[in-house]
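Overview (structure and organization)
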Amino acid sequence: MSLLQIDAIDVFYGPAQALWGVSFSVEKGQVAALIGANGAGKTTTLKALCGLIPLATGRVTYDGQVISGMPVHRIMDLGISLIPEGRQLFPKMTVEENLTIGSYLERTKPARRANLERVYHLFPRLAERRLQTAETMSGGEQQMLAIGRALMQEPRVLILDEPSLGLAPTLVREIFGIVKELHGRGLTILLVEQNVHQALQVADVAFVLENGRVIMSGAGSELIRNPRVKEAYLGF
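What comes next concerns the included structure.

Definitions and cut-offs
Residues numbered from 1 in each chain as written. Predicted model: local features only at pLDDT ≥ 70, side-chain atom pairs only at ≥ 80, totals over all residues. Heavy atoms only, no water. Pairing = 2+ DSSP bridges. Helix = DSSP H or I, 4+ residues; strand = E, 2+ residues; numbered from the N terminus. Contact = heavy atoms within 4.5 Å. Axes fitted to C-alpha atoms, helices over the stretch in contact; angles between N-to-C directions. Buried < 20%, exposed > 50% of the residue type's maximum accessible area, 1.4 Å probe, protein only. Salt bridge = Lys/Arg side-chain N within 4 Å of Asp/Glu carboxyl O. Parallel < 35°, antiparallel > 145°, perpendicular 65-115°, else oblique. Left-handed = near helix turned anticlockwise from the far one by under 90°. Nonpolar A, V, L, I, M, F, W, Y, C, P; charged D, E, K, R; others polar.

**Digging into the pairing of strand β1 (residues 4-13)**
Residues in a regular strand project their side chains so that they alternate between the two faces of the sheet. Note: β1 against strand β2 (residues 16-26), seven bridges, orientation antiparallel. In the sheet register, Tyr13 faces β2, and the bridge partner there is Ala16. From the end of β1 to the start of β2, which pair antiparallel, there are two residues, and Gly14 there has a positive phi angle of about 65°. With five bridges joining them, β1 and strand β4 (residues 57-62) adopt antiparallel strand pairing. Residue pairing across strands places Ile6 opposite Val60, the latter belonging to β4.

Put into structure tokens, the structure is as follows:
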């Protein structure tokens, strides 16, 4: 059974339809990538499965339980954490304050200190800057902080929306190295990423969205060699 199952979801923004029968599944322990052009519906898909926007039709199932229609905080409490595009940190708050906010769930509060130390062990740079405000950090450091805040929720599924957006190439490699490390620790990861080549390199499975529909899927290693994917998204 898939850990995360999206079945034929339709989503509208007012009268405009954004998703058309989108279906895909993510197995436990996989890295799955959603790729496609800007406006294809990638972020809308993530918001829909996290309960941030309602479904018109279809359903989302997590660990055998239908979560469509649940409040966002309940979905998070079940073990799904979203790192949104743009990170959405609290800029005037310190690193440690931003991380602490990530442990607001009742089930994670007792382990707050232990989880904080785990995050600092994974990201020594955050430990060095624990009293620094988020707005004074580099883009790469802010992305690490956003990931660390999500990890404070003790997720089973980590969803990342454009984690490398606006970062220099060296930082992009560093962020994808972190994704690989988290995968190695057993996390299931769903990734939306503008850097299609990097995404397909780390993805066990990938789904191509075009105009709100899934038009292609397969192993990341297969899609990275697919002529249509190469031409449309890899530039060769």
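**Notes on the sheet that holds β4**
Read from one edge of the open sheet, four strands run β2-β1-β4-β5, paired in antiparallel fashion. Both edges of this open sheet fall to β2 and β5 (65-66), since each of them pairs with a single strand only. Of the strands in this sheet, β1, β2 and β4 touch helix α1 (residues 42-49), which is tilted by about 110° from β1.

**A few points about the pairing of strand β7 (residues 157-161)**
Burial within β7 is extensive, with five of its five residues counted as buried. Burial of β7 is two-sided: the residues Val157, Ile159 and Asp161 facing one way and the residues Leu158 and Leu160 facing the other way are all buried. Bridge count for strand β6 (residues 80-83) against β7 is four bridges, and the pairing is parallel. Across the sheet, Ile80 pairs through a bridge with Val157, a residue of β7. As paired elements, β7 and strand β8 (residues 188-192) share five bridges and run parallel to each other.

**Quick look at the pattern of salt bridges**
Enumeration over the complete set of coordinates arrives at 16 salt bridges. The residue Glu106 makes a salt bridge to Lys109 at a minimum N-O spacing of 3.0 Å. Overlapping salt bridges bring together Arg74, Asp77, Arg107 and Glu154 as one network.

**Details of the packing of helix α6 (residues 139-151) against helix α7 (residues 169-184)**
Here α6 crosses α7 at 20°, and the two axes come no closer than 10 Å. Classified by the angle between their axes, α6 and α7 sit roughly parallel to one another. Handedness of the crossing formed by α6 with α7: right-handed. Of the residues in α7, those touching α6 at Gly140, Gln143, Met144, Ile147 and Leu151 are Leu171, Glu174, Ile175, Ile178 and Leu182. Residues belonging to the contact of α6 with α7 are distributed by class as follows: seven nonpolar, two polar and one charged.

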